[in-house]
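Fold and contact review
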Amino acid sequence: MSARLRIAVQKSGRLADKSLDLLEAAGLHVVKGANDLLFRVENAPIDLLRVRDDDIPTFVADGVANLGIVGRNVLLERAKPEDGPCEIMALGFGRCDLKIAGPLGFAYDGPRSLQGLRVATTYPRQLSRFLRENDVEAEIVTMRGAVEVAPRLKLAHVICDLVSTGATLEANGLAAFETIARSEAVLIQSPQPLDPQFAPIVESVTQRFRGVTASRDAKYVMMNAPRAALPRISEILPGSDAPTVTPLAGREDYVAVHAVCQESVFWETLERLKAAGASAILVLPIEKMM
Ligand code: ATP
Ligand code: ZN
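Residues numbered from 1 in each chain as written. Chains lettered and ligands numbered in written order. Predicted model: local features only at pLDDT ≥ 70, side-chain atom pairs only at ≥ 80, totals over all residues. Heavy atoms only, no water.

1. Quick word on the site of ligand 1
For ligand 1, the set of nearby residues contains 16 residues, the closest of which are Arg14, Arg52, Asp54, Asn73 and Ser164. Measuring from an oxygen atom of ligand 1, one finds a side-chain N or O atom of arginine 52 at 2.7 Å. In this structure, aspartate 54 approaches ligand 1 through a side-chain N or O atom, which is 2.7 Å from an oxygen atom. Protein contact buries 77% of the 630 Å² of open area that ligand 1 shows by itself. Within the shell around ligand 1, the residues separate by chemical class into 4 nonpolar, 7 polar and 5 charged. (Near = heavy atom within 4 Å. Polar contact = N/O pair within 3.5 Å; in protein donor to acceptor, adjacent residues only side chain to side chain. Areas by Shrake-Rupley, 256 points an atom, 1.4 Å probe, with all protein chains shown as cover. Nonpolar A, V, L, I, M, F, W, Y, C, P; charged D, E, K, R; others polar.)

Dropping the structure here:
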């Protein structure tokens, strides 16, 4: 039996389903078998090691898993990031910000406002880096969870926590006033030398992941336009390379323009294209891209 590449993923939680969705979108069929710890990919020599997210960087650092999918916030909280796993690519889901928040009405006027205060967090390393960089001395109260209750319990004056919608803060009478780091799920690779037989699999997985993340926002845009409007239209198309231009049967002055736009195409963009002379504008989703 030949060896199988291991990817560590969160077993349950905010990243769990989306990690599996990414693998599926990359054409890797995950079989949810009886073994809870390891899921097999049936059409590639890959196993998923399902663990708590906090353990993923350690497993990948030690080479127990070759790759991992984890929040950048968790990766950055490692004791010695320099000899740990490295981030190969951002995956575009699980987005959140590490923010400083305090009771409504807290008069925040820049990092100096934190001088001498107690700050509760589950991310002491990133918080202490932020305080150090801003030359602020504050006491860090490290908690395992439920940081948002700390101000109410008078355990801390303010908190430093992950925020995506802000609903949890609001429910606890808190408001955010500073972002200290941005996070999303990232693909990480072990610093351990990669077994040469795994190299093509890692290459294929990363290429496919890139394809999936790139095609998520990307759109295929088609339209007819006067030839003279081409420079203006290329300018308007968001995040596209040179468009494909083909002649229209029986029309000397008109062409068909096709382009892949890497960024979201909004109604405003379509209105501007129309104003530039384009007609029959179609925006199509892209399923795969390489
Ligand atoms: P585990 O049981 O695996 O330890 P957990 O409770 O530590 O899970 P989750 O709450 O499932 O972790 O969050 C996993 C990751 O999801 C976070 O590390 C972060 O990268 C991302 N995330 C996205 N939005 C948020 C948010 N609003 N709050 C917390 N994490 C978020
Ligand atoms: Zn966790």
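2. Description of the coordination of the zinc ion (ligand 2)
All of the protein donors around the zinc ion (ligand 2) are Asp53 (OD) and Asp54 (OD); their distances to the metal are 2.0 to 2.1 Å. For the zinc ion (ligand 2), the 4 donor atoms in the first shell make angles of 74 to 176° at the metal, so the coordination geometry reads as irregular. Classification of aspartate 54 as partly exposed rests on a relative accessible area of 42%. (Donors = N, O, S within 2.8 Å, 3.2 Å for Na, K, Ca; no water. Tetrahedral: all angles 85-135°; square planar, octahedral: opposite > 155°, others 65-115°. Buried < 20%, exposed > 50% of the residue type's maximum accessible area, 1.4 Å probe, protein only.)

3. Details of unusual backbone geometry
The residue alanine 146 is not glycine, and still its phi comes out positive at about 50°. Its location among the elements puts alanine 146 in the loop between β9 (139-142) and β10 (158-163). Taking relative accessible area as the criterion, alanine 146 reaches 43% and is therefore assigned partly exposed. (Helix = DSSP H or I, 4+ residues; strand = E, 2+ residues; numbered from the N terminus.)

4. Some details on the side chain of glutamine 126
Position of glutamine 126 among the secondary structure elements: in helix α4 (residues 124-133). Among all residues touching glutamine 126, those that are not within four sequence positions of it are Asn73, Leu76, Glu77, Leu98, Ile180 and Ala181. (Contact = heavy atoms within 4.5 Å.)

5. Things to note about a negative patch on the surface
A grouping of Asp17, Asp21, Glu24 and Glu42 is seen on the molecular surface, where their side chains present a negatively charged patch. Structurally, the position occupied by glutamate 24 is in helix α1 (residues 16-25). According to the relative accessible area criterion, glutamate 24 is partly exposed, its value standing at 39%. (Patch = residues over 30% accessible without salt bridge, like charges linked within 9 Å, V, L, I, M, F, W, Y side chains within 5 Å. Salt bridge = Lys/Arg side-chain N within 4 Å of Asp/Glu carboxyl O. Lys, Arg positive; Asp, Glu negative; His and termini not counted. Charge placed at Lys NZ, Arg CZ, Asp CG, Glu CD.)

6. A word on the domain arrangement of the protein chain
Segmentation of the protein chain into domains returns domain 1 (5-93 + 185-215), domain 2 (96-183) and domain 3 (219-285). Domain 2 and domain 3 are separated by 46 Å when their C-alpha centres are compared. (Domains from an automatic or database assignment.)

7. Focus: the nonpolar core
Core analysis: the largest hydrophobic core is formed by 28 residues, its most contacted members being Ile7, Ile46, Leu48, Ile69, Leu91 and Phe209. Secondary structure elements with two or more residues in this core: β1 (5-10), α1, β3 (38-41), β4 (46-51), β5 (67-71), β12 (185-189) and α6 (199-217). Top contributing element to this core by residue count: α6, with 5 residues. In terms of nonpolar packing, the next biggest core, distinct from the first, is built from 17 residues, Ala225, Ile233, Cys261 and Leu270 among them. (Core = buried A, V, L, I, M, F, W, Y, C linked by side-chain atoms within 4.5 Å.)

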